Amino acid sequence: MTMIKSLILGSAAGLIAIGGAQAADLPVKAKAVEYVKICSLYGAGFYYIPGTDTCIKIGGAIRLDVAFNGSTYDVPFWQGGAGGNNLWTKNYFSTRERVNLTTDTRTATEYGVVRTYANIQFDFLQDRESIAGGYTEVDYAFIQFAGFTFGKAVSQFDPQWALAKPYISSGFNAGSNNATGIPQLAYTASFGNGVSGTISIENASAYRNAGLWNTNTFIVGPGAASFTGAFYGTTSNTFLGNAYGGNHIPDIVGNIRLDQAWGTLHFAAAMHAATPGFYGANEATGHADDKYGFAVSGAVEFKNLPTGAGDSLKIEASYGKGAAKYVFGGTTDTSGGGRYAKVDGNTLGFGYVLDGVYTTNGQIIQSSAWEVSAFYEHYWNPAWRTSLFGNYSHISYGSGNDLMMAAFQGLTPGGPGTNSSAAAASRAGVFAGTGNFDLGLAQIGTRTAWTPVQNLTLSAQFTYSRLDQNLNGTYTVTSMSGKPAGTVLNTADQNLYNGSVQILRSF
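About the thresholds
Residues numbered from 1 in each chain as written. Predicted model: local features only at pLDDT ≥ 70, side-chain atom pairs only at ≥ 80, totals over all residues. Heavy atoms only, no water. Helix = DSSP H or I, 4+ residues; strand = E, 2+ residues; numbered from the N terminus. Buried < 20%, exposed > 50% of the residue type's maximum accessible area, 1.4 Å probe, protein only. Contact = heavy atoms within 4.5 Å. Areas by Shrake-Rupley, 256 points an atom, 1.4 Å probe, with all protein chains shown as cover. Polar contact = N/O pair within 3.5 Å; in protein donor to acceptor, adjacent residues only side chain to side chain. Pairing = 2+ DSSP bridges. Axes fitted to C-alpha atoms, helices over the stretch in contact; angles between N-to-C directions. Phe/Tyr/Trp six-rings, centres within 6.5 Å; stacked < 30°, edge-to-face > 60°. Patch = residues over 30% accessible without salt bridge, like charges linked within 9 Å, V, L, I, M, F, W, Y side chains within 5 Å. Salt bridge = Lys/Arg side-chain N within 4 Å of Asp/Glu carboxyl O.

Trainee: Describe the overall build of the chain, with residues and values.
Mentor: Within the chain, the regular secondary structure consists of four helices and 23 strands. Counting all 507 residues of the chain, 47% fall into the buried class. Contacts in the chain between residues at least 24 apart in sequence constitute 68% of all its contacts with a sequence separation of at least 6. For the chain, the accessible area works out to roughly 23400 Å², and carbon and sulfur atoms hold 63% of it.

As C-alpha coordinates, this is what we get:
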(Lines give C-alpha, C1' and ligand atoms only; values in the text may rest on other atoms or scores of the structure.)
Protein backbone atom coordinates (compact mmCIF):
# COMPACT_ATOMS: atom_id res chain seq x y z
CA MET A 1 0.00 0.00 0.00
CA THR A 2 2.83 2.37 0.90
CA MET A 3 4.46 1.69 -2.48
CA ILE A 4 1.17 2.33 -4.41
CA LYS A 5 0.58 5.56 -2.49
CA SER A 6 4.09 6.75 -3.29
CA LEU A 7 3.58 6.03 -7.00
CA ILE A 8 0.31 8.01 -7.12
CA LEU A 9 1.78 11.03 -5.34
CA GLY A 10 4.85 10.93 -7.57
CA SER A 11 2.74 10.83 -10.74
CA ALA A 12 0.59 13.76 -9.57
CA ALA A 13 3.67 15.81 -8.81
CA GLY A 14 5.04 15.08 -12.30
CA LEU A 15 1.79 16.14 -13.99
CA ILE A 16 1.73 19.37 -12.01
CA ALA A 17 5.28 20.13 -13.04
CA ILE A 18 4.56 19.46 -16.75
CA GLY A 19 1.34 21.54 -16.61
CA GLY A 20 3.22 24.41 -15.04
CA ALA A 21 5.84 24.33 -17.77
CA GLN A 22 3.20 24.38 -20.52
CA ALA A 23 1.26 27.18 -18.84
CA ALA A 24 4.38 29.28 -18.81
CA ASP A 25 4.52 29.02 -22.64
CA LEU A 26 0.94 30.30 -23.18
CA PRO A 27 0.04 34.01 -23.60
CA VAL A 28 -1.31 35.70 -20.54
CA LYS A 29 -4.71 36.47 -22.28
CA ALA A 30 -6.32 34.69 -25.25
CA LYS A 31 -7.50 36.87 -28.21
CA ALA A 32 -11.23 37.46 -28.20
CA VAL A 33 -13.30 35.71 -30.89
CA GLU A 34 -14.55 38.20 -33.54
CA TYR A 35 -18.25 37.53 -34.07
CA VAL A 36 -20.37 38.84 -36.98
CA LYS A 37 -22.47 41.72 -35.68
CA ILE A 38 -25.92 42.86 -36.82
CA CYS A 39 -25.98 46.21 -38.65
CA SER A 40 -29.22 48.06 -37.88
CA LEU A 41 -28.40 51.23 -39.84
CA TYR A 42 -29.98 50.20 -43.15
CA GLY A 43 -32.82 47.90 -42.22
CA ALA A 44 -33.23 44.20 -41.56
CA GLY A 45 -30.82 41.64 -42.96
CA PHE A 46 -27.58 43.66 -42.84
CA TYR A 47 -24.43 42.49 -41.03
CA TYR A 48 -21.04 44.07 -40.50
CA ILE A 49 -18.30 42.47 -42.56
CA PRO A 50 -15.84 41.34 -39.83
CA GLY A 51 -12.99 43.79 -39.33
CA THR A 52 -14.70 46.60 -41.29
CA ASP A 53 -17.38 49.25 -40.90
CA THR A 54 -19.12 48.03 -44.10
CA CYS A 55 -22.55 46.44 -43.83
CA ILE A 56 -23.65 43.73 -46.25
CA LYS A 57 -26.95 42.07 -47.07
CA ILE A 58 -27.01 38.86 -49.11
CA GLY A 59 -30.35 37.76 -50.48
CA GLY A 60 -32.07 36.15 -53.41
CA ALA A 61 -34.87 33.90 -54.51
CA ILE A 62 -35.77 30.68 -56.27
CA ARG A 63 -38.52 31.19 -58.81
CA LEU A 64 -40.44 28.54 -60.77
CA ASP A 65 -42.69 29.64 -63.69
CA VAL A 66 -45.08 27.91 -66.05
CA ALA A 67 -46.61 29.95 -68.90
CA PHE A 68 -49.56 28.90 -71.05
CA ASN A 69 -49.90 30.01 -74.69
CA GLY A 70 -46.92 32.32 -74.22
CA SER A 71 -43.25 32.46 -73.43
CA THR A 72 -41.84 32.01 -69.93
CA TYR A 73 -41.72 35.79 -69.47
CA ASP A 74 -45.53 35.62 -69.81
CA VAL A 75 -45.24 37.25 -73.24
CA PRO A 76 -48.10 36.42 -75.64
CA PHE A 77 -47.15 34.51 -78.79
CA TRP A 78 -46.73 37.57 -80.99
CA GLN A 79 -44.43 35.97 -83.51
CA GLY A 80 -45.30 33.86 -86.50
CA GLY A 81 -43.81 30.42 -86.93
CA ALA A 82 -44.37 27.79 -84.25
CA GLY A 83 -45.32 30.45 -81.74
CA GLY A 84 -48.04 32.32 -83.54
CA ASN A 85 -49.45 30.27 -86.42
CA ASN A 86 -51.83 28.19 -84.31
CA LEU A 87 -49.93 25.02 -85.20
CA TRP A 88 -50.40 21.55 -83.78
CA THR A 89 -46.62 21.36 -83.28
CA LYS A 90 -46.20 24.43 -81.08
CA ASN A 91 -45.58 24.32 -77.32
CA TYR A 92 -48.81 24.95 -75.48
CA PHE A 93 -46.87 25.67 -72.30
CA SER A 94 -43.29 26.53 -71.33
CA THR A 95 -41.33 26.47 -68.08
CA ARG A 96 -38.52 28.39 -66.44
CA GLU A 97 -36.47 27.84 -63.29
CA ARG A 98 -34.53 30.81 -61.94
CA VAL A 99 -32.05 31.29 -59.10
CA ASN A 100 -31.58 34.92 -58.13
CA LEU A 101 -28.70 36.21 -55.97
CA THR A 102 -28.30 39.77 -54.69
CA THR A 103 -25.60 41.57 -52.72
CA ASP A 104 -26.03 45.01 -51.17
CA THR A 105 -23.15 46.72 -49.31
CA ARG A 106 -23.21 50.11 -47.58
CA THR A 107 -20.51 52.12 -45.81
CA ALA A 108 -21.04 55.41 -43.98
CA THR A 109 -18.47 58.07 -44.98
CA GLU A 110 -18.05 61.82 -44.61
CA TYR A 111 -19.53 62.11 -48.14
CA GLY A 112 -22.56 60.04 -47.29
CA VAL A 113 -23.27 56.34 -47.75
CA VAL A 114 -21.26 54.44 -50.36
CA ARG A 115 -23.46 51.68 -51.75
CA THR A 116 -22.85 48.80 -54.16
CA TYR A 117 -25.58 46.53 -55.48
CA ALA A 118 -25.64 43.53 -57.82
CA ASN A 119 -28.42 41.24 -58.98
CA ILE A 120 -27.42 38.05 -60.82
CA GLN A 121 -29.86 35.59 -62.41
CA PHE A 122 -29.21 31.93 -63.21
CA ASP A 123 -31.93 30.67 -65.55
CA PHE A 124 -32.98 27.47 -67.22
CA LEU A 125 -35.64 27.82 -69.94
CA GLN A 126 -37.36 24.81 -71.47
CA ASP A 127 -37.69 26.50 -74.88
CA ARG A 128 -34.19 27.98 -74.97
CA GLU A 129 -31.65 25.59 -73.51
CA SER A 130 -30.51 21.97 -73.70
CA ILE A 131 -31.65 19.53 -71.04
CA ALA A 132 -28.79 20.45 -68.69
CA GLY A 133 -28.11 23.96 -69.96
CA GLY A 134 -28.88 27.42 -68.73
CA TYR A 135 -27.59 30.95 -68.85
CA THR A 136 -26.53 33.75 -66.54
CA GLU A 137 -27.51 37.40 -66.71
CA VAL A 138 -26.62 40.46 -64.68
CA ASP A 139 -29.74 42.61 -64.37
CA TYR A 140 -28.29 45.23 -62.01
CA ALA A 141 -24.76 46.20 -61.02
CA PHE A 142 -24.11 49.72 -59.75
CA ILE A 143 -22.20 51.91 -57.30
CA GLN A 144 -23.77 54.91 -55.54
CA PHE A 145 -21.69 57.63 -53.94
CA ALA A 146 -22.32 61.27 -52.98
CA GLY A 147 -25.50 61.42 -55.04
CA PHE A 148 -24.00 59.69 -58.10
CA THR A 149 -25.09 56.36 -59.58
CA PHE A 150 -22.63 54.51 -61.83
CA GLY A 151 -23.56 51.30 -63.62
CA LYS A 152 -26.62 49.27 -64.56
CA ALA A 153 -29.61 50.54 -62.59
CA VAL A 154 -33.30 51.32 -63.09
CA SER A 155 -33.62 53.99 -65.77
CA GLN A 156 -34.16 57.47 -64.38
CA PHE A 157 -37.07 57.77 -66.84
CA ASP A 158 -39.01 55.17 -64.84
CA PRO A 159 -40.95 55.82 -61.61
CA GLN A 160 -39.58 54.54 -58.32
CA TRP A 161 -42.08 51.67 -58.28
CA ALA A 162 -40.89 50.31 -61.63
CA LEU A 163 -39.85 47.02 -60.01
CA ALA A 164 -42.99 46.71 -57.88
CA LYS A 165 -45.68 46.48 -60.54
CA PRO A 166 -48.23 43.89 -59.37
CA TYR A 167 -47.88 41.21 -62.02
CA ILE A 168 -45.83 38.06 -62.39
CA SER A 169 -43.53 38.82 -65.26
CA SER A 170 -42.32 41.34 -67.82
CA GLY A 171 -44.53 40.39 -70.76
CA PHE A 172 -47.19 42.98 -70.02
CA ASN A 173 -46.69 46.10 -72.11
CA ALA A 174 -46.62 49.09 -69.76
CA GLY A 175 -44.63 52.09 -70.86
CA SER A 176 -40.87 52.00 -70.49
CA ASN A 177 -41.25 48.79 -68.44
CA ASN A 178 -37.59 47.90 -68.02
CA ALA A 179 -36.95 44.22 -67.34
CA THR A 180 -33.32 44.97 -66.44
CA GLY A 181 -31.27 47.98 -65.49
CA ILE A 182 -29.84 50.39 -68.06
CA PRO A 183 -26.14 51.42 -68.01
CA GLN A 184 -25.98 55.02 -66.82
CA LEU A 185 -24.16 57.81 -65.07
CA ALA A 186 -26.64 59.76 -62.96
CA TYR A 187 -26.65 62.44 -60.28
CA THR A 188 -29.52 62.89 -57.82
CA ALA A 189 -30.04 66.03 -55.73
CA SER A 190 -32.38 66.08 -52.72
CA PHE A 191 -34.21 69.34 -52.00
CA GLY A 192 -35.96 68.33 -48.78
CA ASN A 193 -39.53 67.36 -47.91
CA GLY A 194 -39.31 64.35 -50.21
CA VAL A 195 -38.50 66.36 -53.34
CA SER A 196 -35.57 65.23 -55.50
CA GLY A 197 -34.30 65.57 -59.04
CA THR A 198 -31.99 63.47 -61.20
CA ILE A 199 -30.07 64.00 -64.42
CA SER A 200 -28.43 61.07 -66.21
CA ILE A 201 -26.83 59.89 -69.42
CA GLU A 202 -27.93 56.38 -70.39
CA ASN A 203 -26.77 53.85 -72.98
CA ALA A 204 -29.46 53.58 -75.66
CA SER A 205 -27.88 50.66 -77.51
CA ALA A 206 -29.92 47.48 -77.28
CA TYR A 207 -32.34 49.16 -74.87
CA ARG A 208 -33.86 52.27 -76.46
CA ASN A 209 -33.21 51.85 -80.21
CA ALA A 210 -36.55 50.65 -81.55
CA GLY A 211 -35.33 50.46 -85.15
CA LEU A 212 -35.30 52.46 -88.40
CA TRP A 213 -36.67 51.35 -91.75
CA ASN A 214 -34.84 52.31 -94.92
CA THR A 215 -37.73 51.63 -97.29
CA ASN A 216 -35.62 51.77 -100.45
CA THR A 217 -33.69 48.59 -99.64
CA PHE A 218 -34.79 45.06 -99.03
CA ILE A 219 -33.64 41.62 -97.99
CA VAL A 220 -32.24 39.41 -100.74
CA GLY A 221 -33.68 36.22 -99.31
CA PRO A 222 -34.60 34.52 -96.02
CA GLY A 223 -31.45 34.02 -93.96
CA ALA A 224 -29.32 35.81 -96.55
CA ALA A 225 -25.80 36.79 -95.59
CA SER A 226 -26.45 40.46 -96.32
CA PHE A 227 -29.49 42.66 -96.18
CA THR A 228 -30.30 46.26 -95.40
CA GLY A 229 -34.01 46.60 -95.79
CA ALA A 230 -37.37 45.68 -94.43
CA PHE A 231 -38.52 42.24 -93.42
CA TYR A 232 -41.88 41.49 -94.98
CA GLY A 233 -42.73 38.18 -93.40
CA THR A 234 -43.85 36.92 -90.04
CA THR A 235 -41.56 34.02 -89.28
CA SER A 236 -38.41 35.63 -87.86
CA ASN A 237 -37.86 36.73 -84.28
CA THR A 238 -35.84 39.74 -85.43
CA PHE A 239 -36.80 42.77 -87.47
CA LEU A 240 -34.28 42.42 -90.28
CA GLY A 241 -34.95 45.88 -91.63
CA ASN A 242 -33.24 47.74 -88.80
CA ALA A 243 -31.26 50.44 -90.59
CA TYR A 244 -29.76 51.99 -87.46
CA GLY A 245 -26.16 53.15 -87.70
CA GLY A 246 -23.86 53.44 -84.71
CA ASN A 247 -24.86 54.54 -81.24
CA HIS A 248 -23.10 57.94 -81.32
CA ILE A 249 -24.30 59.69 -78.16
CA PRO A 250 -26.08 58.46 -75.02
CA ASP A 251 -29.66 59.38 -74.19
CA ILE A 252 -30.05 62.30 -71.81
CA VAL A 253 -32.68 61.67 -69.14
CA GLY A 254 -33.97 63.81 -66.27
CA ASN A 255 -36.68 63.52 -63.65
CA ILE A 256 -38.20 65.28 -60.67
CA ARG A 257 -40.13 63.37 -58.04
CA LEU A 258 -41.95 63.66 -54.76
CA ASP A 259 -41.89 60.82 -52.23
CA GLN A 260 -44.37 60.97 -49.34
CA ALA A 261 -46.12 58.57 -46.97
CA TRP A 262 -49.27 58.74 -49.13
CA GLY A 263 -47.37 57.82 -52.32
CA THR A 264 -45.18 59.31 -55.03
CA LEU A 265 -45.25 61.70 -57.99
CA HIS A 266 -42.80 61.28 -60.87
CA PHE A 267 -42.18 63.38 -63.99
CA ALA A 268 -39.47 62.51 -66.50
CA ALA A 269 -38.14 63.49 -69.92
CA ALA A 270 -35.56 61.99 -72.27
CA MET A 271 -33.71 62.98 -75.43
CA HIS A 272 -33.02 60.12 -77.85
CA ALA A 273 -30.75 60.28 -80.90
CA ALA A 274 -31.33 58.11 -83.99
CA THR A 275 -28.33 57.60 -86.29
CA PRO A 276 -29.24 56.01 -89.64
CA GLY A 277 -27.06 53.72 -91.70
CA PHE A 278 -26.08 54.35 -95.32
CA TYR A 279 -28.68 54.70 -98.03
CA GLY A 280 -27.06 51.79 -99.83
CA ALA A 281 -24.31 49.25 -99.34
CA ASN A 282 -21.47 51.64 -98.36
CA GLU A 283 -20.52 55.21 -97.48
CA ALA A 284 -20.41 56.28 -101.14
CA THR A 285 -24.22 56.17 -101.18
CA GLY A 286 -24.49 58.75 -98.37
CA HIS A 287 -26.85 58.72 -95.42
CA ALA A 288 -29.64 60.68 -93.80
CA ASP A 289 -28.92 63.14 -90.98
CA ASP A 290 -29.11 62.18 -87.33
CA LYS A 291 -32.53 62.85 -85.87
CA TYR A 292 -33.22 63.79 -82.26
CA GLY A 293 -36.36 62.52 -80.63
CA PHE A 294 -37.79 62.86 -77.16
CA ALA A 295 -40.07 61.20 -74.63
CA VAL A 296 -41.97 62.50 -71.60
CA SER A 297 -43.72 60.64 -68.81
CA GLY A 298 -45.83 61.29 -65.72
CA ALA A 299 -46.69 58.79 -62.98
CA VAL A 300 -48.42 58.75 -59.62
CA GLU A 301 -48.74 56.12 -56.90
CA PHE A 302 -51.32 56.14 -54.09
CA LYS A 303 -50.59 53.92 -51.08
CA ASN A 304 -52.81 52.50 -48.32
CA LEU A 305 -56.11 53.31 -50.01
CA PRO A 306 -59.42 53.41 -48.13
CA THR A 307 -60.23 50.03 -49.72
CA GLY A 308 -57.77 48.31 -47.37
CA ALA A 309 -54.37 48.34 -45.69
CA GLY A 310 -51.63 47.78 -48.21
CA ASP A 311 -53.83 48.55 -51.23
CA SER A 312 -52.25 50.69 -53.93
CA LEU A 313 -53.10 52.40 -57.23
CA LYS A 314 -50.45 53.28 -59.81
CA ILE A 315 -51.07 55.31 -62.98
CA GLU A 316 -48.63 56.40 -65.67
CA ALA A 317 -48.73 57.94 -69.14
CA SER A 318 -45.96 58.50 -71.70
CA TYR A 319 -45.46 60.12 -75.09
CA GLY A 320 -42.56 59.67 -77.48
CA LYS A 321 -41.56 61.31 -80.75
CA GLY A 322 -38.87 59.28 -82.49
CA ALA A 323 -38.36 57.38 -79.21
CA ALA A 324 -40.76 54.44 -79.42
CA LYS A 325 -39.03 52.20 -76.88
CA TYR A 326 -39.83 54.67 -74.10
CA VAL A 327 -43.48 53.86 -74.83
CA PHE A 328 -43.45 50.28 -76.13
CA GLY A 329 -41.64 48.08 -73.68
CA GLY A 330 -38.17 49.47 -72.98
CA THR A 331 -35.80 46.53 -72.53
CA THR A 332 -38.66 44.05 -72.73
CA ASP A 333 -38.58 42.95 -76.34
CA THR A 334 -42.24 41.90 -76.64
CA SER A 335 -42.33 42.93 -80.28
CA GLY A 336 -39.57 40.62 -81.52
CA GLY A 337 -37.09 43.35 -82.38
CA GLY A 338 -39.60 45.92 -83.63
CA ARG A 339 -42.60 43.88 -84.78
CA TYR A 340 -45.84 42.56 -83.33
CA ALA A 341 -47.33 39.73 -85.40
CA LYS A 342 -50.03 37.09 -84.96
CA VAL A 343 -51.46 34.51 -87.35
CA ASP A 344 -54.77 32.91 -86.43
CA GLY A 345 -56.29 30.49 -88.91
CA ASN A 346 -56.61 32.37 -92.20
CA THR A 347 -56.08 35.84 -90.70
CA LEU A 348 -52.94 37.84 -90.02
CA GLY A 349 -52.36 40.97 -87.97
CA PHE A 350 -49.06 42.75 -87.51
CA GLY A 351 -47.30 46.08 -87.29
CA TYR A 352 -43.93 47.66 -86.57
CA VAL A 353 -42.66 49.60 -83.57
CA LEU A 354 -39.94 51.87 -84.98
CA ASP A 355 -38.30 55.18 -84.19
CA GLY A 356 -38.74 56.25 -87.79
CA VAL A 357 -38.59 55.58 -91.52
CA TYR A 358 -36.62 57.05 -94.42
CA THR A 359 -35.70 56.43 -98.04
CA THR A 360 -32.78 57.19 -100.35
CA ASN A 361 -31.90 60.91 -100.39
CA GLY A 362 -34.55 61.52 -97.73
CA GLN A 363 -34.48 62.32 -94.04
CA ILE A 364 -35.90 60.34 -91.10
CA ILE A 365 -39.63 60.70 -90.57
CA GLN A 366 -40.16 60.07 -86.85
CA SER A 367 -42.91 57.98 -85.34
CA SER A 368 -45.27 59.26 -82.64
CA ALA A 369 -46.24 56.94 -79.80
CA TRP A 370 -48.23 57.24 -76.57
CA GLU A 371 -49.49 54.99 -73.80
CA VAL A 372 -51.44 54.99 -70.55
CA SER A 373 -51.24 52.28 -67.88
CA ALA A 374 -52.92 51.60 -64.54
CA PHE A 375 -52.27 49.05 -61.78
CA TYR A 376 -54.54 48.38 -58.78
CA GLU A 377 -53.77 45.86 -56.02
CA HIS A 378 -56.11 44.88 -53.18
CA TYR A 379 -55.22 42.87 -50.05
CA TRP A 380 -58.10 40.65 -48.97
CA ASN A 381 -56.06 39.81 -45.87
CA PRO A 382 -52.33 39.67 -45.11
CA ALA A 383 -51.99 36.37 -47.02
CA TRP A 384 -54.16 37.00 -50.10
CA ARG A 385 -54.05 39.81 -52.65
CA THR A 386 -55.44 40.41 -56.15
CA SER A 387 -54.34 42.93 -58.76
CA LEU A 388 -55.98 44.31 -61.89
CA PHE A 389 -53.89 46.08 -64.54
CA GLY A 390 -54.40 47.51 -68.01
CA ASN A 391 -52.55 49.34 -70.77
CA TYR A 392 -53.23 50.92 -74.14
CA SER A 393 -50.30 51.82 -76.42
CA HIS A 394 -50.44 53.37 -79.88
CA ILE A 395 -47.89 54.26 -82.56
CA SER A 396 -48.36 56.19 -85.80
CA TYR A 397 -46.05 57.14 -88.66
CA GLY A 398 -47.76 60.12 -90.32
CA SER A 399 -46.40 60.77 -93.81
CA GLY A 400 -43.95 57.90 -93.30
CA ASN A 401 -46.87 55.54 -93.92
CA ASP A 402 -46.68 56.30 -97.65
CA LEU A 403 -43.06 55.12 -97.78
CA MET A 404 -43.80 52.04 -95.73
CA MET A 405 -46.83 51.00 -97.79
CA ALA A 406 -44.95 51.44 -101.07
CA ALA A 407 -42.06 49.32 -99.84
CA PHE A 408 -44.29 46.71 -98.24
CA GLN A 409 -46.39 46.09 -101.36
CA GLY A 410 -43.30 46.14 -103.58
CA LEU A 411 -42.48 48.51 -106.39
CA THR A 412 -42.05 47.64 -110.06
CA PRO A 413 -39.71 44.61 -110.22
CA GLY A 414 -36.32 45.41 -111.64
CA GLY A 415 -36.62 49.19 -111.56
CA PRO A 416 -33.85 51.42 -110.15
CA GLY A 417 -33.81 51.30 -106.37
CA THR A 418 -36.78 48.97 -106.26
CA ASN A 419 -37.40 45.37 -105.38
CA SER A 420 -36.13 42.93 -107.99
CA SER A 421 -38.36 40.06 -109.01
CA ALA A 422 -35.93 37.64 -107.32
CA ALA A 423 -36.08 39.59 -104.07
CA ALA A 424 -39.86 39.79 -104.24
CA ALA A 425 -40.05 36.03 -104.70
CA SER A 426 -37.86 35.49 -101.66
CA ARG A 427 -40.22 37.23 -99.29
CA ALA A 428 -42.13 35.28 -96.70
CA GLY A 429 -45.25 36.69 -98.34
CA VAL A 430 -46.72 39.40 -100.54
CA PHE A 431 -49.28 41.96 -99.35
CA ALA A 432 -51.93 43.54 -101.55
CA GLY A 433 -54.31 46.13 -100.17
CA THR A 434 -54.68 49.52 -98.55
CA GLY A 435 -54.35 51.06 -95.11
CA ASN A 436 -51.36 52.14 -93.03
CA PHE A 437 -48.97 50.93 -90.37
CA ASP A 438 -50.52 52.74 -87.40
CA LEU A 439 -50.79 50.18 -84.61
CA GLY A 440 -52.66 49.95 -81.31
CA LEU A 441 -52.17 47.42 -78.52
CA ALA A 442 -54.62 46.98 -75.64
CA GLN A 443 -53.97 44.65 -72.71
CA ILE A 444 -55.77 43.84 -69.49
CA GLY A 445 -54.79 41.29 -66.87
CA THR A 446 -55.27 40.09 -63.33
CA ARG A 447 -53.11 38.27 -60.80
CA THR A 448 -53.97 36.61 -57.49
CA ALA A 449 -51.18 35.82 -55.04
CA TRP A 450 -51.16 33.75 -51.85
CA THR A 451 -48.41 34.06 -49.23
CA PRO A 452 -49.06 31.24 -46.72
CA VAL A 453 -45.80 31.90 -44.86
CA GLN A 454 -43.33 34.76 -44.98
CA ASN A 455 -41.26 34.97 -48.19
CA LEU A 456 -43.16 32.18 -49.97
CA THR A 457 -45.66 33.29 -52.64
CA LEU A 458 -47.80 31.27 -55.04
CA SER A 459 -49.54 33.25 -57.78
CA ALA A 460 -51.57 32.88 -60.96
CA GLN A 461 -52.12 35.40 -63.74
CA PHE A 462 -54.28 35.82 -66.85
CA THR A 463 -53.74 38.38 -69.63
CA TYR A 464 -55.87 39.37 -72.63
CA SER A 465 -54.29 41.29 -75.51
CA ARG A 466 -55.86 42.99 -78.50
CA LEU A 467 -53.75 43.90 -81.55
CA ASP A 468 -55.46 46.69 -83.49
CA GLN A 469 -53.84 47.05 -86.92
CA ASN A 470 -54.76 49.20 -89.93
CA LEU A 471 -53.84 47.12 -92.97
CA ASN A 472 -56.76 46.14 -95.18
CA GLY A 473 -56.09 43.44 -97.74
CA THR A 474 -54.58 40.02 -98.25
CA TYR A 475 -51.20 38.46 -97.58
CA THR A 476 -50.17 35.62 -99.88
CA VAL A 477 -47.69 33.27 -98.26
CA THR A 478 -44.43 32.55 -100.09
CA SER A 479 -42.57 30.85 -97.23
CA MET A 480 -43.98 30.57 -93.70
CA SER A 481 -43.63 27.88 -91.05
CA GLY A 482 -46.81 25.79 -90.96
CA LYS A 483 -48.45 27.53 -93.92
CA PRO A 484 -48.25 26.10 -97.47
CA ALA A 485 -46.96 28.44 -100.16
CA GLY A 486 -49.84 30.22 -101.85
CA THR A 487 -52.00 30.40 -98.71
CA VAL A 488 -53.97 33.64 -98.69
CA LEU A 489 -54.37 35.33 -95.30
CA ASN A 490 -56.72 38.22 -94.66
CA THR A 491 -55.32 41.05 -92.56
CA ALA A 492 -57.39 41.52 -89.40
CA ASP A 493 -57.16 42.57 -85.78
CA GLN A 494 -56.06 39.80 -83.41
CA ASN A 495 -57.02 38.59 -79.93
CA LEU A 496 -54.51 36.77 -77.72
CA TYR A 497 -54.94 34.99 -74.39
CA ASN A 498 -52.16 33.79 -72.13
CA GLY A 499 -51.55 32.99 -68.50
CA SER A 500 -48.94 31.85 -66.03
CA VAL A 501 -48.43 30.41 -62.56
CA GLN A 502 -45.44 30.95 -60.29
CA ILE A 503 -43.89 29.78 -57.03
CA LEU A 504 -41.43 32.26 -55.49
CA ARG A 505 -39.31 31.65 -52.41
CA SER A 506 -37.21 34.64 -51.43
CA PHE A 507 -34.61 34.92 -48.69
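Trainee: Let's hear about the side chain of Arg 63: which residues, and what values?
Mentor: Inspection of the secondary structure assignment puts Arg 63 in strand 2 (residues 54–68). Under the relative-accessibility criterion, Arg 63 is labelled buried at 16%. Here the side chain of Arg 63 touches Ile 168 through a polar contact of 3.3 Å, landing on its backbone oxygen. Ignoring any residue separated from it by four or fewer positions in sequence, one finds Arg 63 in contact with Arg 96, Glu 97, Arg 98, Ile 168, Ser 169, Gln 502, Ile 503 and Leu 504.

Trainee: Before we move on, can you summarise the sheet that holds strand 17 (residues 365–366) with the specific residues and values?
Mentor: Within the open sheet, the three strands sit side by side as 9-16-17. Their pairing is mixed. In the strand order of this sheet, the two ends are held by strand 9 (212–214) and strand 17, each with one partner. Its contacts with the sheet place helix 3 (residues 400–409) against strand 9, strand 16 (356–358) and strand 17, and it is angled at close to 65° to strand 16.

Trainee: Lay out unusual backbone geometry in plain terms, naming residues and giving numbers.
Mentor: Backbone geometry follows two general trends: most residues other than glycine have a negative phi, and most peptide bonds adopt the trans configuration. The phi torsion at Ala 146 lies on the positive side, around 50°, for a residue other than glycine. With respect to the helices and strands, the residue Ala 146 is situated in the loop between strand 5 (135–145) and strand 6 (148–153). The class of Ala 146 is partly exposed, set by a relative accessible area of 31%. A positive phi angle, near 65°, is found at Asn 361, a position not held by glycine. On the accessibility criterion, Asn 361 (66% relative accessible area) is exposed.

Trainee: Explain the packing of aromatic side chains residue by residue, including any values.
Mentor: Under the defined criterion, the tally for this structure stands at 21 aromatic pairs. Measuring from centroid to centroid gives 5.6 Å for Tyr 352 and Phe 437, while their planes differ by 5°, and the two rings are stacked. One end of the pair, Tyr 352, is in strand 15 (residues 347–352); the other, Phe 437, is in strand 20 (residues 429–453), and 85 residues separate them in sequence. Judged by its relative accessible area of 2%, Phe 437 falls in the buried class. Between Trp 384 and Trp 450 the ring centres are 5.6 Å apart and the planes differ by 15°, which places this aromatic pair in the stacked class.

Trainee: Give me a nonpolar patch on the surface: which residues, what numbers.
Mentor: Taken together, the side chains of Tyr 111, Ile 143, Phe 145, Phe 148, Phe 150, Leu 185, Tyr 187, Ile 199, Ile 201 and Ile 252 make up a nonpolar region of the molecular surface, amounting to roughly 900 Å² of accessible area. Of all elements in the fold, only strand 5, strand 6, strand 7 (182–192) and strand 8 (195–202) reach the threshold of two or more residues within the nonpolar patch. With respect to the helices and strands, the residue Phe 150 is situated in strand 6.

Keep in mind these numbers describe shape, not what the thing actually does.
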